[in-house]
Each structure stands twice: as C-alpha cells, then as structure tokens.
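# Tertiary structure, described
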Amino acid sequence: MVTKSHTRQYPDVAPELPPRTRGVIALIEENCTSCMLCARECPDWCIYIDSHKETIPAPTAGGRERSRNVLDRFAIDFSLCMYCGICIEVCPFDALEWSPEFEYAEYDIREMLHEKPRLGQWVESVPPPPALDDAAEDPKEISLAQKAAAKKQAALDAAAQQEGTADGDA
C-alpha cells in the first residue's frame, strides 16, 4: 500500500518475459516423421496430421526398397489447445518446440487453426536450450567414451614403446 504501483503499457511497451516462456508451438518440419505420437497423446485432440508413404529406391544394386512417411499436413487448432506441452514432451525427434511468441490472437476463431507453413514461421523465435550447469557431472556416455579413448591411447602408446625398444635392441 505504501509503494507506488506501476502500470505496464503493454501494447506500446513489450513485456519482459521469463526465459522459456510458453507461447505458441513451433514445428520443425524436417524433424517430423509423421509418427503421430503428438496427435495420439494430445488430450484435446487438436493436432491434425496427414501423411503418405513414399518408396525410396535401393541405394545399391540388389538392395531392397525402403518406404518412409511424407508429411502432407500438420495443423494445430489453438482455439482447442490447452498448452499442456504433452505433444512437445512425447515427440521423439524434437519436431515441436515452445516459442515465446504470444501475440497471435485473431478476430475469427477459424483463423486459430495454424497449418504447417505458419507453424514453421514460429521456429525462428524458439530460444536455444539453456546452457548446462558447469558444476554438473558429465553424462555417463561422455565419461565412458573418454575412458575408452584413454584406454585405447594407452594401448597405442604401449605398442609404440615396445616397437621402439625392439628397434633399439636390433
């Protein structure tokens, strides 16, 4: 009651958002394999995906042809979305990310259905992931790889030293 209140002049002055703010969901189309996990796990059923299978010829003679899914349509209806983030968490290929953009209101509710091109535009505003903590331990994979590399280097050094002593004895 004693301190003076400060009114933020929102339309004229952009707000300072905290890092990793949930705004709109962005689609990284190259990463999407049309696995449909995001659409299946969405509690609001607001994600629509259409795809078709495409046959890829064998890279070598005598090899077999492969098939892959090609993404035809990816749409999110933000008028139904509750921004829970389940779709982003279940995506095994990191095709969906949070963008801090929040100014995408429309006068017509039908315009809240964002198709693939519009979802792709939000990717530019996705912030990079936060830096790792310097005090944190290295992941097990990195420490195991470093141990294996050190062991291999020690074996190579021992082999080189043996060759050096064998040449010196001759």
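Definitions and limits used
- Residues numbered from 1 in each chain as written.
- Predicted model: local features only at pLDDT ≥ 70, side-chain atom pairs only at ≥ 80, totals over all residues.
- Heavy atoms only, no water.
- Phe/Tyr/Trp six-rings, centres within 6.5 Å; stacked < 30°, edge-to-face > 60°.
- Helix = DSSP H or I, 4+ residues; strand = E, 2+ residues; numbered from the N terminus.
- Buried < 20%, exposed > 50% of the residue type's maximum accessible area, 1.4 Å probe, protein only.
- Pairing = 2+ DSSP bridges.
- Core = buried A, V, L, I, M, F, W, Y, C linked by side-chain atoms within 4.5 Å.
- Contact = heavy atoms within 4.5 Å.
- Salt bridge = Lys/Arg side-chain N within 4 Å of Asp/Glu carboxyl O.

This part covers the packing of aromatic side chains. For the coordinates displayed, the defined rule picks out four aromatic pairs. Taking 6.0 Å as the distance between ring centres and 40° as the angle between the ring planes, the aromatic pair formed by Tyr-10 and Phe-102 counts as tilted. In this pair, Tyr-10 is assigned in the segment before strand E1 (24-27) and Phe-102 in the loop between strand E4 (96-99) and strand E5 (113-114), connecting sequence segments 92 residues apart. Judged by its relative accessible area of 38%, Tyr-10 falls in the partly exposed class. Pairwise contacts between aromatic rings join Phe-78, Tyr-83, Tyr-104 and Trp-122 into one cluster.

This part takes up the pairing of strand E3 (residues 66-77). Bridge count between strand E2 (residues 47-56) and E3: ten bridges; the pairing is antiparallel. What sits directly across from Ile-56, in E3, is Arg-66. Two strands pair when backbone bridges link them, and E3 and E5 are joined in this way by two bridges, in the antiparallel orientation. Looking across to E5, one finds that Ile-76 is bridged to His-114.

Core analysis: the biggest nonpolar cluster contains 26 residues, and Ile-25, Ile-47, Phe-74, Ile-76, Phe-78 and Leu-96 have the highest contact counts within it. Contributing elements (two or more residues each) for this core: E1, helix H1 (37-41), E2, E3, helix H2 (86-90) and E4. Residues contacting Ile-76, with those up to four places away along its chain left out, are Ile-25, Cys-46, Ile-47, Met-112, Leu-113, His-114 and Leu-119.

If the charged atoms of two oppositely charged side chains come close together, the side chains can form a pair. What the rule picks out here adds up to five salt bridges. Glu-29 is the salt-bridge partner of Lys-116, the closest N and O atoms lying 3.4 Å from each other. Note that Lys-116 is positioned in helix H3 (residues 116-121) and Glu-29 in the loop between E1 and H1, a separation of 87 residues in sequence. Since its relative accessible area comes to 36%, Glu-29 is described here as partly exposed. Between Glu-106 and Arg-118 there is a salt bridge, with its nearest N and O atoms 3.2 Å apart. Residue Glu-106 is found in the loop between E4 and E5, and its partner Arg-118 is found in helix H3; the two are separated by twelve residues along the sequence. Of the residues examined, Arg-118 reaches a relative accessible area of 24% and is grouped as partly exposed.

We now examine the pairing of E1. Taking every second residue as pointing to the same face, both faces of E1 are buried, with Val-24 and Ala-26 on one and Ile-25 and Leu-27 on the other. Note: E1 against E4, four bridges, orientation antiparallel. Paired with Ala-26 across the two strands is Glu-97, which belongs to E4.

That is the geometry; function is a separate question.
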